[in-house]
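# Reading the structure
Chain residues, written in single-letter form:
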Amino acid sequence: MTLHRADLYRLRFDRYLRFGTPIDLPLERKNDPTTERYVWRTRQDAKVRWTHRANDGQIFAWSAPPTTGHPGEAANCRCEAIPYRPGETEFAYHTFTTGLASSYKRWEDSDFVWHFFTGGGHSVTLSEIGQLRDIAEVYAYETGTEGAFRRLSDQIADEARKSPSGSVHVHFDNTYDFGDVAFSHGRSRVYGDFDGTAVQRGDMLSIEGETEFHFRDVFTDPLDLRQFSAWLKANPLSFWRLVDLIRVAYAVSGVAPLPPGFYKKVDVEDVSSIFRFISELGGTRYKIVDDWTASFRADIFRNQNLSDYKIK
Ligand SMILES: [Zn+2]
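Residues numbered from 1 in each chain as written. Predicted model: local features only at pLDDT ≥ 70, side-chain atom pairs only at ≥ 80, totals over all residues.

### Some thoughts on the overall build of the chain
Along the chain, the regular secondary structure elements total ten helices and nine strands. Relative to all contacts within the chain whose residues are 6 or more apart in sequence, the contacts with residues 24 or more apart total 72%. (Helix = DSSP H or I, 4+ residues; strand = E, 2+ residues; numbered from the N terminus. Contact = placed C-beta atoms within 7 Å.)

Below is the structure:
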């Protein structure tokens with residue numbers, strides 16, 4: 001037995017007690033029959049936390065909350081639970097179908113620089129540098145205002161509306177700033193393709209398909225690190241690790257003996273000194289690549305005006 005109305009009221013009442021949020025049950029929802037499941041809907045703005053964006057458009061049961069809890073349960077959450085009635089309620093979500101876990105040690109910025117000196121230009125994968133999950137999730141839920149998954153849902157929906165053949169294809173290609181995952185990433189390219197099919201069911205289109213994502217970046221030169229000097233000052237521990245790596249790299253590469261007085265000349269406050277040592281050492285640019293996939297499922301309104309899924 002599920003009392004959706006009672007659950008919803010309990011949630012609103014709890015928010016009223018804790019945060020003073022007025023109890024607001026929209027009219028159409030008051031007339032809704034009891035539903036055991038709901039579609040999670042975010043406000044689609046920059047303030048939505050990414051764990052809630054990951055729930056956006058998904059169907060959940062009141063009896064089995066996601067790890068985030070139900071909409072409105074977390075402090076300041078403005079997300080909504082839309083009662084789910086099959087064939088009448090819109091939903092749209094992507095599910096990663098590539099394992100994102102990595103058994104490799106996560107690279108720090110100094111590891112990127114180290115590989116530049118000693119890697120001989122060999123490309124690395126995000127999985128090998130322990131960052132596949134971070135990059136794929138940041139891309140999906142945190143790029144732009146609402147994350148790539150939601151933007152792609154809107155694109156797929158619009159494409160499906162104008163494709164009478166039933167097959168739906170969307171190509172995408174853009175660059176994103178992944179500097180929050182690791183300083184060394186800077187701007188990287190993600191491109192790919194969605195391929196799926198759309199079937200008309202009454203006022204709705206049911207869409208299913210698969211998307212391939214391709215990540216491409218090139219680590220060109222430590223001196224190109226954005227705001228490198230600001231990073232050095234903000235990360236004194238990484239800085240000294242880097243200095244140590246340069247010392248070892250000099251010894252390994254044999255390009256030249258370590259300049260006398262190396263440690264005395266290197267100074268967090270004197271960024272030009274470390275620039276000079278890095279320049280003299282040389283290094284080889286290398287590619288950072290990886291690929292992953294996600295499945296897509298959606299029921300969207302054929303009428304774009306009524307739909308929550310369209311390019312804004
Ligand atoms: Zn929320």
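### A short note on the sheet that holds strand E1 (residues 37-41)
With antiparallel pairing, three strands are arranged side by side in an open sheet as E2-E1-E3. Each edge of the open sheet carries a strand with a single partner, namely strand E2 (59-61) and strand E3 (80-83). For this sheet, the mean angle separating the axes of adjacent strands, direction not counted, is 45°. Direction of pairing for E1 relative to E2: antiparallel, over a ladder of three bridges. (Pairing = 2+ DSSP bridges. Axes fitted to C-alpha atoms, helices over the stretch in contact; angles between N-to-C directions.)

### Things to note about the environment of Thr-35
Inspection of the secondary structure puts Thr-35 in the loop between helix H2 (27-30) and E1. Among the residues examined, Thr-35 registers 20 C-beta atoms within 10 Å and is labelled buried. Residues Thr-35 and Pro-83, spaced 48 residues apart in sequence, show a C-alpha to C-alpha distance of 5.9 Å. (Buried ≥ 20, exposed ≤ 12 C-beta atoms within 10 Å, placed from the backbone.)

### Things to note about the nonpolar core
One recurring pattern in soluble globular proteins is that nonpolar side chains are buried together. Residues Ile-135, Ile-156, Ile-207 and Ile-300 are the most contacted members of the largest nonpolar core, which totals 54 residues. It is helix H5 (residues 132-142) that contributes the most residues to this core, seven residues altogether. For this core, the domains that each give at least three residues are domain 1 (4-89) and domain 2 (96-220 + 286-299). Beyond its immediate sequence surroundings of up to four residues, Ile-135 is in contact with Leu-126, Phe-178, Val-181 and Phe-215. (Core = buried A, V, L, I, M, F, W, Y, C linked by C-beta atoms within 7 Å. Domains from an automatic or database assignment.)

### Describing unusual backbone geometry
Even without being a glycine, Gln-44 presents a positive backbone phi close to 60°. Here Gln-44 is to be found in the loop between E1 and helix H3 (50-53). C-beta crowding within 10 Å serves as the criterion here: with 15 such atoms nearby, Gln-44 is assigned to the partly exposed category. You will see that Asn-76, though not glycine, has its phi angle at about 65°, which is positive. Positionally, Asn-76 belongs in the loop between E2 and E3.

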